[in-house]
Amino acid sequence: MPLREIRILGDPVLREPAQTVDGLNDEIRSLVEDMFETMYHAEGVGLAAPQVGISERVIVVDVRDADEDDVGALALINPKVLEASRAKDKAPEGCLSIPGMEEVVERPSNVTVEGLNQSGETVTLEVTGLLSRAIQHEIDHLDGILFIDRVSPLKRRLLMRKWQKSRAEEEGS
Ligand code: ZN
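Attention here is on the structure that accompanies the text. (Residues numbered from 1 in each chain as written. Predicted model: local features only at pLDDT ≥ 70, side-chain atom pairs only at ≥ 80, totals over all residues. Heavy atoms only, no water.)

### A short note on the nonpolar core
Ranked by size, the top nonpolar core spans 17 residues in total, and within it Ile59, Val113, Val127 and Ile135 carry the most contacts. Broken down by secondary-structure element, the contributors of at least two residues to this core are strand E2 (58–61), strand E3 (74–84), strand E6 (111–116), strand E7 (122–127) and helix H2 (129–142). Counting residues per element, this core draws most heavily on H2, which supplies 5 residues. Listed in part, the 15 residues of the second largest apolar core include Phe36, Leu47, Ala49 and Ala75. (Core = buried A, V, L, I, M, F, W, Y, C linked by side-chain atoms within 4.5 Å. Buried < 20%, exposed > 50% of the residue type's maximum accessible area, 1.4 Å probe, protein only. Helix = DSSP H or I, 4+ residues; strand = E, 2+ residues; numbered from the N terminus.)

### So, the packing of aromatic side chains
Aromatic ring pairs are described here by two measures, namely the spacing of the ring centres and the angle between the planes. Using the criterion set out here, one finds 1 aromatic pair in the structure. Taken together, a centroid distance of 6.0 Å and an interplanar angle of 15° make the contact between phenylalanine 36 and tyrosine 40 stacked. Of this pair, phenylalanine 36 and tyrosine 40 both sit in helix H1 (residues 26–41), 4 residues apart, roughly one helical turn. (Phe/Tyr/Trp six-rings, centres within 6.5 Å; stacked < 30°, edge-to-face > 60°.)

### Quick word on the pattern of salt bridges
With the rule as written, the count across this model stands at 11 salt bridges. With its nearest N and O atoms 3.1 Å apart, the salt bridge here joins aspartate 11 to arginine 7. Across the pair glutamate 93 and arginine 107 runs a salt bridge, and its minimum N-O distance is 2.7 Å. Of this pair, glutamate 93 sits in strand E4 (residues 88–93) while arginine 107 sits in strand E5 (residues 103–108), and the two are 14 residues apart along the sequence. For arginine 107, a relative accessible area of 3% corresponds to the buried category. Through salt bridges with shared partners, a single network forms among Glu93, Arg107, Arg133, Asp140 and Arg150. (Salt bridge = Lys/Arg side-chain N within 4 Å of Asp/Glu carboxyl O.)

### Some details on the sheet that holds E3
Across the sheet, 5 strands lie side by side as E1-E2-E3-E6-E7; this open sheet has antiparallel pairing. Two strands in the sheet have a free side with no partner beyond their single neighbour: strand E1 (46–48) and E7. Adjacent strand axes in the sheet meet at a mean angle of 40°, parallel and antiparallel pairs treated alike. Contacting E1, E2 and E3, H1 runs over the sheet at an angle of about 40° to E2. Of the strands in this sheet, E1, E2, E3, E6 and E7 are in contact with H2, which crosses E2 at around 155°. (Pairing = 2+ DSSP bridges. Axes fitted to C-alpha atoms, helices over the stretch in contact; angles between N-to-C directions. Contact = heavy atoms within 4.5 Å.)

### Some details on the environment of aspartate 11
Relative to the assigned elements, aspartate 11 resides in the segment before H1. Taking the C-alpha atoms as reference, aspartate 11 lies 9.3 Å from serine 97; in sequence the two are 86 residues apart. A polar contact of 3.1 Å, which involves the side chain of aspartate 11, links it to the side chain of arginine 7. Within the structure, aspartate 11 has its side chain in polar contact with the backbone nitrogen of valine 13 (distance 3.0 Å). (Polar contact = N/O pair within 3.5 Å; in protein donor to acceptor, adjacent residues only side chain to side chain.)

### Observations concerning the coordination of the zinc ion
Listed as protein donors to the zinc ion are Cys95 (SG), His137 (NE2) and His141 (NE2); their distances from the metal cover 2.0 to 2.3 Å. Here the donor residues of the zinc ion are spaced in sequence according to C-x41-H-x3-H. Of the two residues, cysteine 95 sits in the loop between E4 and E5 while histidine 141 sits in helix H2, which places them 46 residues apart along the sequence. For the pair formed by cysteine 95 and histidine 141, the shared burial category is buried. (Donors = N, O, S within 2.8 Å, 3.2 Å for Na, K, Ca; no water.)

So yeah, pure geometry; function would need other evidence.
Here you go:
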């Protein structure tokens, strides 16, 4: 189970809509395993396949250390939000593809999500709290959407200025 390289903001794969997966096969199974390993190694709570350069609709999440609403390690293939609550929550988010950046993002509090699990069964989950937020963030990745797209233009400008500065420092050091 090798670690995969996490793609960083600026990589075009992060902006491509990902392809629907035809079904579970060995390639997808090993992708899911590698994604879990890569996510745990990076100490993230979620990862989407485009973040490791694979433009396919696969996500993994595990919020078990941070939230009591946990279902443990969860992989979803072709995940879809069937229903989103009108009630919304605001909370800070970060992204393994935009390291060091964090901003408050507003999202529906609760969503109903459907997808294939690792055994190839269709599952429907009603999720709340951090799990709901993490799943919505990862599904966004499958549509080429990043959390910075969900903050106000002013906050996005400030974030991008900070990001460019941090990148420049990294290259300069
Ligand atoms: Zn992300």
